[in-house]
Amino acid sequence: MYIPDHFNETNPHHLREVMRQHDFATVMTAQDTPDGLPMISHIPLVLEGEDRLIGHTARSNPHWRLFENGRPTRAIFHGPHGYVSPRWYVSDKLVPTWNYVVVHATGSARVMTDEEECLKAMEKLVTIYETCEEGWRMNRLSERAITGLLRGIVPFEIWIEQLEGKFKLSQNRSAEDKDGVIRHLGNSVNSTDRDLAAWMADIQEEPAD
């Protein structure tokens, strides 16, 4: 990923927070095909600890077979993004642009084959997304239904070996220009714009190293 120095985000907390908040990832794995294109799937991934992602595909999705070969796999997490108008700047002679937050996590993927391990991975996902006390749980299924479920999916994990973050949040603009962008995005009716403004404000308030 092309990352100019002023947009290079290396704070592990920031990178992992994007992965937690925006966990519907684009997963890419290289494959040996005439067109040279990677296999791509769109999968919710849960960050467990600091360097392990867990998820699953349908067994009918051939992507998981590439995991068996130990090929490098990259998960792309798209954070908030939005249009920035030059009308919001104090400075003159600037042009429209697009601010955004994105994280790339690259590592080795492994298919889970042990039934107990697979079940624990599914229970983990359900517990995270079923947030209310009355939420659905795996134990509502019969043993036979659980067996059928596990036959139809392939749980996997990705051990992260490299994290890259590109936070394009007007770091190359003056404080006054950044304040103008934050103010306009923060007042938007679009929740994604407001999330983007919050990231800009957080990054701007951090003390320099």
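Residues numbered from 1 in each chain as written. Predicted model: local features only at pLDDT ≥ 70, side-chain atom pairs only at ≥ 80, totals over all residues. Heavy atoms only, no water.

(A) Inspection of the nonpolar core at higher detail. Counting residues in hydrophobic clusters, the biggest one holds 36 residues, and the most contacted among them are Met19, Leu45, Leu53, Phe77, Phe167 and Leu169. Those elements giving two or more residues to this core turn out to be α1 (12–21), β2 (24–29), α2 (63–68), β6 (72–84), β7 (97–111), β8 (153–168), α5 (175–186) and α6 (191–205). The residues touching Phe167, leaving out its near neighbours within four places in the chain, are Phe7, Glu9, His14, Leu15, Val18, Tyr100, Val101, Val102, Val103, Trp199 and Ile203. Counting residues in hydrophobic clusters, the runner-up holds 12 residues, among them Ile54, Cys118, Ala121 and Ile146. (Core = buried A, V, L, I, M, F, W, Y, C linked by side-chain atoms within 4.5 Å. Buried < 20%, exposed > 50% of the residue type's maximum accessible area, 1.4 Å probe, protein only. Helix = DSSP H or I, 4+ residues; strand = E, 2+ residues; numbered from the N terminus. Contact = heavy atoms within 4.5 Å.)

(B) Highlighting the pattern of salt bridges. According to the stated counting rule, one finds 7 salt bridges in the structure shown. With its nearest N and O atoms 3.6 Å apart, the salt bridge here joins Lys120 to Glu116. Of the two residues, Lys120 and Glu116 are both situated in helix α3 (residues 115–129); the distance of 4 residues between them amounts to about one turn of the helix. When its relative accessible area of 51% is taken as the criterion, Glu116 is described as exposed. In the salt-bridge network here, residues are joined through shared partners; they are Glu48, Arg52, Arg110, Glu117, Lys124 and Glu157. (Salt bridge = Lys/Arg side-chain N within 4 Å of Asp/Glu carboxyl O.)

(C) Quick look at the environment of Arg87. Of note, Arg87 is situated in the loop between β6 and β7. Note on Arg87: relative accessible area 66%, which makes it exposed. Residues Arg87 and Thr29, spaced 58 residues apart in sequence, show a C-alpha to C-alpha distance of 41 Å.

(D) Inspection of unusual backbone geometry at higher detail. A positive phi is found at Lys93, a non-glycine position, where the angle reads about 60°. Its location among the elements puts Lys93 in the loop between β6 and β7. Positive phi values are uncommon outside glycine, yet Ser170 reaches one of about 65°. Structurally, Ser170 is set in the loop between β8 and α5. By relative accessible area, which is 3% here, Ser170 ends up buried.

(E) Structural view of the pairing of β8. Extensive coverage of β8 is indicated by the burial of 12 of its 16 residues. With 2 bridges joining them, strand β1 (residues 8–9) and β8 adopt antiparallel strand pairing. Looking at β8, one finds that Glu9 is bridged to Gly165. Alignment of strand β5 (residues 52–58) against β8, held across 7 bridges, turns out to be antiparallel. The partner of Ile54 across the bridge, within β8, is Glu157. Across 12 bridges, the pairing between β7 and β8 is antiparallel. The residue of β8 that forms the bridge with Ala105 is Leu163. (Pairing = 2+ DSSP bridges.)

(F) Inspection of the packing of aromatic side chains at higher detail. The final tally for this structure, using the stated rule, is 3 aromatic pairs. Relative to Phe156, the ring of Phe67 has its centre 4.7 Å away and its plane inclined at 45°; by these criteria the two rings are tilted. On the criterion of sequence distance, the pair formed by Phe67 in helix α2 and Phe156 in strand β8 is long-range, its members being 89 residues apart. Owing to a relative accessible area of 2%, Phe67 belongs among the buried residues under this scheme. Between the aromatic rings of Tyr83 and Trp98, the centroid separation amounts to 6.4 Å while the plane-to-plane angle is 65°, which identifies the pairing as edge-to-face. (Phe/Tyr/Trp six-rings, centres within 6.5 Å; stacked < 30°, edge-to-face > 60°.)

(G) Inspection of the pairing of β5 at higher detail. Of all 7 residues making up β5, 5 are buried, and the element is well covered by its neighbours. The pairing of strand β4 (residues 46–48) with β5 spans 3 bridges and is antiparallel. Within β5, the position partnered with Leu47 by the bridge is Leu53. In this antiparallel pair of consecutive strands, β4 and β5, the connection spans 3 residues, and Gly49 shows a positive phi of 70°.

(H) Examining α5 more closely. Between its first and last C-alpha atoms α5 spans 16 Å; for 12 residues at 1.5 Å apiece the expected length is 16 Å, and the two agree. Taken residue by residue, α5 has Asp177, Lys178, Gly180, Val181, Ile182 and Leu185 as its buried positions. (Expected span 1.5 Å × (residues − 1).)

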